[in-house]
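Structural description and commentary
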Amino acid sequence: MSDTIRVGTRGSALALAQCGQIAAELSRASGVAHELVTVTTHGDVSTANLAQLGGTGVFVTELRQKLLDGEVDVIVHSLKDLPTAAFPGLVIAATPKRADARDVLVARDGLTLETLPEGALVGTGSPRRIAQLKAVRPDIRLAENFRGNIDTRIGRVTSGELDAVILAAAGVDRLGRGTEPTERFSLTDWPTAPGQGALAIEARADLSSDGTAFARALNAGLIKVDHATTRATVRAERDVLAGLEAGCAAPVAAHALVDDGMLFLTATVYSTDGATSLTASHAAVLDSTSAADMLTAAGEVAQRAVDELLAAGAKELA
């Protein structure tokens, strides 16, 4: 019997930081020690932008193979990088509590998106962010083939190469750089990618039926670190992505929340040039705050949002 939980992760500074935090929580919850196992993925070594790579799955394939081969016991992903389709032999065993789901601007001289000068050069590789930028600041220029980790991206601002970059708040915060954004965008005005700010812990599907003491302890730990509200809200967001048959890199934004006994969801699809967008907002009354009831509500509101967006012509945009 193993006495250590082997946690698979990408080797970037951000992946190691967020995985280290989750692995420590899982150890406390299960009573079993852990070790991090770093894995290099196709998305880490390719120099192409994510849209050219196809977006979906470029950071997960190698991790999943290590898990299937039994070389690690669980793997940790940024949920927004995870394809929405089920993967044979694996399950999302836990979704820890979500961090800040917003996008942030890191700009020179304390500038905001509104105060950036005309023709400012901004870095982002996300089709969704590009569409949002073009919608509100069509004068802004975009850095070409924008890649690199968070430190590299922010460094291009501090060096004077770029006027600003747009990043996920959760990643900036997890790296201890949360004081550097010059603006945090409102989720109402600037919705973000489905699942942004959340992490997913994947395990082999047969773990729950494994009767060993190690498997029982690991299962118990996964149940404890799972956050039911996060699981339900990101389920609603990712169901929109799946229903639209759009990939992780598509210009689609979605945000769900649970408040006052209801689950709310707003989803937006953008044209790539930012000139057109379609938005659907729906809500469901929760019979209770049980995990099962929230997941049921999540599926219902997502389906209503998808139906509305498709009827309005979302396929032609995304």
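In the block above lies the structure referred to throughout.
Residues numbered from 1 in each chain as written. Predicted model: local features only at pLDDT ≥ 70, side-chain atom pairs only at ≥ 80, totals over all residues. Heavy atoms only, no water.

Attention now goes to the overall build of the chain. Tallying secondary structure elements over the chain gives 11 helices and 13 strands in all. Here the C-alpha radius of gyration of the chain, 20 Å, is about what a compact globule of 318 residues would show, namely 20 Å. Its C-alpha atoms put the chain at 65 × 45 × 35 Å along the principal axes. With 318 residues in all, the chain has 49% of them scored as buried. As displayed, the chain has an accessible area near 13,700 Å², and 50% of this comes from carbon and sulfur atoms. Across the chain, 29 positive and 39 negative side-chain charges occur, with their mean positions spaced 3 Å apart. (Helix = DSSP H or I, 4+ residues; strand = E, 2+ residues; numbered from the N terminus. Rg over C-alpha atoms; globule rule 2.2 N^0.38 Å. Buried < 20%, exposed > 50% of the residue type's maximum accessible area, 1.4 Å probe, protein only. Areas by Shrake-Rupley, 256 points an atom, 1.4 Å probe, with all protein chains shown as cover. Lys, Arg positive; Asp, Glu negative; His and termini not counted. Charge placed at Lys NZ, Arg CZ, Asp CG, Glu CD.)

Either a parallel or an antiparallel arrangement is found when strands of a sheet pair, and the pairing is made through backbone hydrogen bonds. The antiparallel open sheet is built from three strands, whose spatial order is E11-E12-E13. Among the strands making up the open sheet, the edge pair consists of strand E11 (252–259) and strand E13 (277–285). The sheet shows a mean angle of 10 degrees between the axes of neighbouring strands, direction not considered. Strands in contact with helix H10 (residues 291–311) are E11, strand E12 (262–270) and E13; relative to E13, the strand with the most contacts, it is inclined by about 150 degrees. (Pairing = 2+ DSSP bridges. Axes fitted to C-alpha atoms, helices over the stretch in contact; angles between N-to-C directions. Contact = heavy atoms within 4.5 Å.)

Moving on to the sheet that holds strand E1 (residues 4–10). Strands sit in the order E2-E1-E3-E10-E4 across an open sheet of five strands; the sheet is mixed. The outermost strands of the open sheet, each flanked by one partner alone, are strand E2 (33–39) and strand E4 (90–94). The average undirected angle you get between the axes of adjacent strands in this sheet is 35 degrees. Here seven bridges tie E1 to E2, and the two strands are oriented parallel to one another. Residue pairing for E2: Gly8 is matched across the bridge by Val37. The strands touched by helix H1 (residues 13–30) are E1, E2, strand E3 (74–78) and strand E10 (199–204); relative to E1, the strand with the most contacts, the crossing angle is about 160 degrees.

Looking at the secondary structure, you find Glu202 in strand E10. Accessibility expressed as a relative area gives 2% for Glu202, which makes it buried. At 3.0 Å, the side chain of Glu202 forms a polar contact with the side chain of Arg64. For Glu202, the residues in contact, after removing those within four places along its chain, are Arg64, Leu67, Val74, Ile75, His77, Leu82, Leu90, Val91, Ile92 and Ala93. (Polar contact = N/O pair within 3.5 Å; in protein donor to acceptor, adjacent residues only side chain to side chain.)

Counting 28 residues, the largest nonpolar core has Val240, Leu244, Leu263, Leu265 and Leu309 as its most contacted members. Listed by contribution, the elements that provide at least two residues to this core are helix H9 (228–243), E11, E12, E13, H10 and helix H11 (314–317). Per element, the largest residue contribution to this core is eight residues, and it comes from H10. For Leu244, the contacting residues outside a window of four places in its chain are Val252, Val269, Val306, Leu309, Leu310, Ala314 and Lys315. (Core = buried A, V, L, I, M, F, W, Y, C linked by side-chain atoms within 4.5 Å.)

This brings us to the packing of H9 against H10. Viewed as axis vectors pointing N to C, H9 and H10 meet at an angle of 25 degrees, and their least axial separation amounts to 8 Å. Classified by the angle between their axes, H9 and H10 sit roughly parallel to one another. Here the hand of the crossing between H9 and H10 comes out right-handed. Residues Ala228, Thr229, Arg231, Ala232, Arg235, Ala236, Asp239, Val240 and Gly243 of H9 touch H10, and the partners they reach there are Ala291, Met294, Leu295, Ala298, Gly299, Val301, Ala302, Ala305, Val306 and Leu310. Across the contact of H9 with H10, the residue classes tally to 13 nonpolar, three polar and three charged. (Parallel < 35°, antiparallel > 145°, perpendicular 65-115°, else oblique. Left-handed = near helix turned anticlockwise from the far one by under 90°. Nonpolar A, V, L, I, M, F, W, Y, C, P; charged D, E, K, R; others polar.)

Attention shifts here to the pairing of E1. Along E1, six of the seven residues are buried, which leaves the element largely enclosed by surrounding structure. Between the parallel pair E1 and E2, the chain is carried across by H1, and the sense of this crossover is right-handed. Here E1 pairs with E3 via two bridges, running parallel. Pairing of Gly8 across the sheet is with Ile75, part of E3. (Right-handed = clockwise from strand over helix to strand, strands pointing away.)

Another aspect to go through is the packing of H1 against helix H8 (residues 213–225). Running from N to C, H1 and H8 point in directions that differ by 115 degrees, and their axes come no closer than 8 Å. The two elements H1 and H8 cross, and the hand of that crossing is right-handed. Where H1 abuts H8, its residues Glu25, Leu26, Ala29 and Ser30 lie against Ala217, Leu218, Gly221, Leu222, Lys224 and Val225. Counted by class, the contact of H1 with H8 contains six nonpolar, two polar and two charged residues.

Now for the pattern of salt bridges. One pass over the full model with this rule turns up 18 salt bridges. In this structure, Glu71 engages Lys66 in a salt bridge whose closest nitrogen and oxygen atoms are separated by 3.2 Å. The class for Glu71 is partly exposed, based on a relative accessible area of 40%. Taking the relative accessible area as the measure of exposure, Lys66 reaches 31% and is therefore partly exposed. Two residues, Arg177 and Glu180, come together in a salt bridge whose shortest N-O distance is 2.6 Å. Using a relative accessible area of 28% as the deciding quantity, one classes Glu180 as partly exposed. Because the salt bridges share partners, they merge into one network encompassing Asp100, Arg102, Asp173 and Arg184. (Salt bridge = Lys/Arg side-chain N within 4 Å of Asp/Glu carboxyl O.)

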